[in-house]
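Survey of secondary and tertiary structure
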Amino acid sequence: KMGKRGGGGGANKKKFEIKFDPNKRKEFLTGFKKRKDERRKKAALKMKEEEKKAKQEFRDEKRKSIEAINI
């Protein structure tokens, strides 16, 4: 009895079953490139949007400085 570990009741443990879906496995394994391209596309759109925003801010600052000179 010495050195026995864990509580008793091993028969009461619920077992679970792992379901295997070959279609989902194939989609996961072949989807790496698709997901990578999707991340790249999303990053490119974000960069484009940030660039557009920066250009607009530059134009606004330029416009304000010109107006300040003319006043």
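Below is a short write-up of the structure. (Residues numbered from 1 in each chain as written. Predicted model: local features only at pLDDT ≥ 70, side-chain atom pairs only at ≥ 80, totals over all residues. Heavy atoms only, no water.)

1. Some remarks on the overall build of the chain
The following threshold applies: A run of H or I in DSSP becomes a helix once it reaches four residues, and a run of E becomes a strand once it reaches two; helices and strands are each numbered from the N terminus. Between buried and exposed lies partly exposed: a residue is buried under 20% and exposed over 50% of the maximum accessible area for its type, with that area taken using a 1.4 Å probe on protein chains only. Methods summary: accessible areas were calculated by the Shrake-Rupley approach with a probe of 1.4 Å, and residue burial reflects only the protein chains presented.
Of the regular secondary structure elements, the chain holds two helices and zero strands. The 71 residues of the chain split such that 1% are buried. Carbon and sulfur atoms make up 56% of the accessible area of the chain, which totals about 8200 Å².

2. Digging into the packing of helix α1 (residues 22-30) against helix α2 (residues 32-70)
How we decide: Every axis in this analysis is a line fitted to C-alpha atoms, fitted for helices over the stretch in contact. Angles between the N-to-C directions lie between 0 and 180 degrees. With respect to orientation, any angle under 35 degrees is reported as roughly parallel, any angle over 145 as roughly antiparallel, any angle of 65 to 115 as roughly perpendicular, and every other angle as oblique. Should any heavy atoms of two residues lie within 4.5 Å, those residues are considered in contact. Polar here means any residue outside two lists: the nonpolar Ala, Val, Leu, Ile, Met, Phe, Trp, Tyr, Cys and Pro, and the charged Asp, Glu, Lys and Arg; Gly therefore counts as polar.
Relative to each other, α1 and α2 sit at 50 degrees, their axes nearing to 5 Å. Accordingly, the angle class assigned to the pair α1 and α2 is oblique. Here E27, F28, L29 and T30 of α1 come into contact with α2, specifically with F32, K33 and R35. For the contact of α1 with α2, a count of residues per class yields three nonpolar, one polar and three charged.

3. Comments concerning the pattern of salt bridges
Any two side chains of opposite charge can pair, on the condition that their charged atoms come close. Our working definition: Salt bridges are counted wherever a side-chain nitrogen of Lys or Arg sits within 4 Å of a carboxyl oxygen of Asp or Glu.
Evaluated as defined, the whole model comprises three salt bridges. A salt bridge links D37 to K33; the nearest nitrogen and oxygen atoms lie 3.0 Å apart. One end of the pair is D37 and the other is K33, both in helix α2 and four residues apart, which spans about a single turn. The class of K33 is exposed, set by a relative accessible area of 59%. Between D60 and R63 there is a salt bridge, and its shortest N-O distance comes to 3.2 Å. Of this pair, D60 and R63 are both found in helix α2, three residues apart, which corresponds to roughly one turn of the helix. Overall, R63 belongs to the partly exposed group, its relative accessible area being 46%.

4. What about a nonpolar patch on the surface?
Spelled out, the test is: Patches here are clusters of residues that have more than 30% relative accessible area and form no salt bridge, with a 9 Å joining cutoff for like charges and a 5 Å cutoff for nonpolar side chains (Val, Leu, Ile, Met, Phe, Trp, Tyr).
Where nonpolar side chains cluster on the molecular surface, the patch consists of F28, L29 and F32 and spans about 310 Å² of accessible area. In this fold, F32 is placed in helix α2.

5. Comments concerning the packing of aromatic side chains
Any two aromatic rings considered together are summarised by their centre-to-centre distance and by the angle between their planes. Worth spelling out the cut-off: Paired rings are identified among Phe, Tyr and Trp, the last through its six-membered ring, by centres lying within 6.5 Å, and are further divided according to the angle between planes into stacked (under 30 degrees), edge-to-face (over 60) and tilted (the rest).
What the rule picks out here adds up to one aromatic pair. Geometrically, the ring pair formed by F28 and F32 is edge-to-face, given 5.2 Å between the ring centres and 65 degrees between the ring planes.

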